[in-house]
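Below, each chain spelled out in residue letters.
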Amino acid sequence: MLKIGRPSKYTGPVIETSAQAWQQLTGTQPLSGGDDLSAFYDQNTKSYREIFAGNITESMTDANLAQFIGEAMIKLGLTGNHSLSMDTDEIPSPVMLARISGKYSFIEMKTAEDACNILNLNGIPFMGTNLKISRPTKFDGVAGMGRSTPRFYDWEELYQQWSNGKLRLLTSGTPSNVVMILNMATNAQLADPIHYFDVIEDARAECSLFGGSVLSVIVPRAAPSSNLLKGIGRVFVEMASVSEAEQVILGLKGRTYNGRFVDMKFFPADQFHAMNYSTFLPHLVLTASHGATQLDRVLNEKTIAKLRQSKS
């Protein structure tokens, strides 16, 4: 067996972090909006972010598997993409990488929440087969100790929820009369006055078509003459009622705008009126048994403590 390694006296360049290494190899850039890539590569949390995928075929590659899973989760609203890169035309994928070995693969997600949400894709069809998605056999983080073990959807159940519209609402957070639209435009586009006002008018027109009465549209942007320097990249549409906002989510979530995939979330009305446009929205975990819930309802207390420690 060949053994491959550096010569013992090798003193070549050192890459400081694995995140930087991945960026150099793939040409990708760090996510903006406060996302810390070093957390995604924390080996202490890897076991909670890693997922097993079976039924892998010879025609699949690491790249096309990772791309497929990432796109599926984005389109279904299963990723916490409220922090987006405003310098690209893409919503960042929740998948860090996939490693195929024969008929199975390990998929490393960027967050523990994403690793939970991907479990709802078990059975999803891809390249002539149905992927078997589950936790690795050694995973020990499932909720217990007095809490009910969560049950996730399988693909057929999830697709039904998407088809009847329920999934769009479930993945949009706590209902509110304010809708937050993500990924409509880049920073450069918002800096153009014509494009900026086009975004406002288009958001007003589309939401009026599906929801009814639009009370206001706010689009924060970075401009010297503006005091709206927080929440850049988010478009806020205030509807007359919660039910009208729900109709907007049902009609528009998952569509495209100028070739960009658009996501939508409910936004707290009190934070909207206080102009707290950059308010953090929790990354929810979707389950069949608990609905859209917090991570601590899905994983056990020991695991949650380790995840919190890694972020401190």
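None of the values given here were measured: they were computed from a predicted structure.

Trainee: Please explain the overall build of the protein chain as it appears in this structure.
Mentor: Assigned secondary structure in the protein chain consists of 12 helices and 14 strands. The buried share of the protein chain, reckoned over its 312 residues, is 47%. A fraction of 70% describes how many contacts in the protein chain between residues 6 or more apart in sequence connect residues 24 or more apart. Taken as a whole, the protein chain presents about 16,200 Å² of accessible surface, with 53% of it coming from carbon and sulfur.

Trainee: Please explain the sheet that holds strand S3 (residues 104-109) as it appears in this structure.
Mentor: Here we have four strands laid out as an open sheet, ordered S2-S3-S1-S6, and antiparallel in their pairing. Every interior strand has two partners, whereas the edge strands, strand S2 (95-101) and strand S6 (132-134), have only one. Strand-to-strand twist in this sheet, taken as the mean axis angle between neighbours without regard to direction, amounts to 20°. Sheet analysis places strand S1 (residues 50-54) next to S6, joined by three bridges and oriented antiparallel. What sits directly across from Phe52, in S6, is Ser134.

Trainee: Hey, could you run me through a negative patch on the surface in this one?
Mentor: Taken together, the side chains of Asp192, Asp198, Glu201 and Asp202 present a region of like negative charge at the surface. Inspection of the secondary structure puts Asp202 in helix H9 (residues 193-211). Taking relative accessible area as the criterion, Asp202 reaches 32% and is therefore assigned partly exposed.

Trainee: Honestly, the environment of His290 in this entry has me stumped. Any pointers?
Mentor: Mapped onto the elements, His290 comes out in the loop between strand S13 (285-287) and strand S14 (291-293). You can call His290 buried: its relative accessible area is 18%. It is 8.8 Å that separates the C-alpha atoms of His290 and Phe152, two residues lying 138 residues apart in sequence.

Trainee: What should I look at first to understand helix H10 (residues 242-252) in this one?
Mentor: An α-helical segment advances 3.6 residues per turn. Residues three or four places apart therefore align on the same side. All of the buried residues in H10 are Glu244, Ala245, Val248, Ile249 and Leu252. End-on view of H10: buried residues confined to an arc of 145°, all on one side of the axis. Just past H10, the residue Gly254 takes up positive phi, approximately 95°.

Trainee: How do you make sense of the nonpolar core when you look at a structure like this?
Mentor: The nonpolar side chains of soluble globular proteins are, as a tendency, buried together. Counting 40 residues, the largest nonpolar core has Ile69, Ile107, Ile118, Leu121, Leu131, Ile133 and Leu158 as its most contacted members. For this core, the secondary-structure elements that each account for two or more residues are S1, helix H4 (62-75), S2, S3, helix H5 (112-117), helix H6 (155-163), S13 and helix H12 (301-311). Element by element, the count of residues in this core is highest for H4, at five residues. With residues up to four places along the chain from it excluded, the contact list for Ile133 reads Ile51, Phe52, Ile69, Ile118, Leu119, Leu121, Asn122 and Ile124. Listed in part, the 24 residues of the second largest apolar core include Cys207, Val235, Ala245 and Ile249.

Trainee: What is the right way to read unusual backbone geometry from this model?
Mentor: Negative phi values dominate among residues other than glycine, just as trans dominates among peptide bonds. A positive phi angle is found at Asn183, which is not glycine, with a value near 75°. Assignment of secondary structure puts Asn183 in the loop between strand S7 (178-182) and helix H8 (187-191). The backbone of Met275 shows a phi angle near 65°, a positive value even though the residue is not glycine. Relative to the elements of secondary structure, Met275 occurs in the loop between helix H11 (269-273) and S13.

Trainee: Sorry, what's going on with the side chain of Glu238 here?
Mentor: For Glu238, the location among the structural elements is in strand S9 (residues 234-239). Side-chain polar atoms of Glu238 contact the side chain of Ser216, separated by 2.7 Å. The residues contacting Glu238, other than those within four sequence positions of it, are Asn177, Val178, Ser213, Val214, Leu215, Ser216, Phe272 and His273.

Trainee: How do you make sense of the confidence of the model for the protein chain when you look at a structure like this?
Mentor: Low-pLDDT stretches of the model should not have their predicted coordinates read in fine detail. For the protein chain, per-residue confidence averages 80 on the pLDDT scale, and 78% of positions sit at 70 or higher. When the criterion is pLDDT under 50, residues 1-40 qualifies, and its contacts beyond four places in sequence or with other chains add up to 33 contacts. Contacts of residues 82-89 to residues separated by more than four positions or lying in other chains number 29 contacts, the stretch itself having pLDDT below 50.

Trainee: What's the story with H4 in this structure? I'm lost.
Mentor: An ideal rise of 1.5 Å per residue puts 20 Å on 14 residues; H4 measures up with 20 Å between its terminal C-alpha atoms. Those residues of H4 lying buried are Leu65, Ala66, Ile69, Gly70, Ala72, Met73 and Ile74. In this structure, the buried residues of H4 make contact with S2, S3, H5, strand S4 (125-126), S6 and strand S11 (260-261).

Trainee: Can you help me understand the pairing of strand S12 (residues 263-267) in this one?
Mentor: In the case of a regular strand, side chains alternate between the two sheet surfaces. Counting buried positions over the five residues of S12 gives five, a clear majority of the element. Burial of S12 is two-sided: the residues Asp263, Lys265 and Phe267 facing one way and the residues Met264 and Phe266 facing the other way are all buried. With five bridges joining them, S7 and S12 adopt antiparallel strand pairing. Its bridge partner being in S12, Leu182 is matched across the sheet by Asp263.

What counts and what doesn't
- Residues numbered from 1 in each chain as written.
- Predicted model: local features only at pLDDT ≥ 70, side-chain atom pairs only at ≥ 80, totals over all residues.
- Heavy atoms only, no water.
- Helix = DSSP H or I, 4+ residues; strand = E, 2+ residues; numbered from the N terminus.
- Buried < 20%, exposed > 50% of the residue type's maximum accessible area, 1.4 Å probe, protein only.
- Contact = heavy atoms within 4.5 Å.
- Areas by Shrake-Rupley, 256 points an atom, 1.4 Å probe, with all protein chains shown as cover.
- Pairing = 2+ DSSP bridges.
- Axes fitted to C-alpha atoms, helices over the stretch in contact; angles between N-to-C directions.
- Patch = residues over 30% accessible without salt bridge, like charges linked within 9 Å, V, L, I, M, F, W, Y side chains within 5 Å.
- Salt bridge = Lys/Arg side-chain N within 4 Å of Asp/Glu carboxyl O.
- Lys, Arg positive; Asp, Glu negative; His and termini not counted.
- Charge placed at Lys NZ, Arg CZ, Asp CG, Glu CD.
- Arc of directions from axis to C-beta.
- Core = buried A, V, L, I, M, F, W, Y, C linked by side-chain atoms within 4.5 Å.
- Polar contact = N/O pair within 3.5 Å; in protein donor to acceptor, adjacent residues only side chain to side chain.
- pLDDT = per-residue confidence, 0-100.
- Expected span 1.5 Å × (residues − 1).

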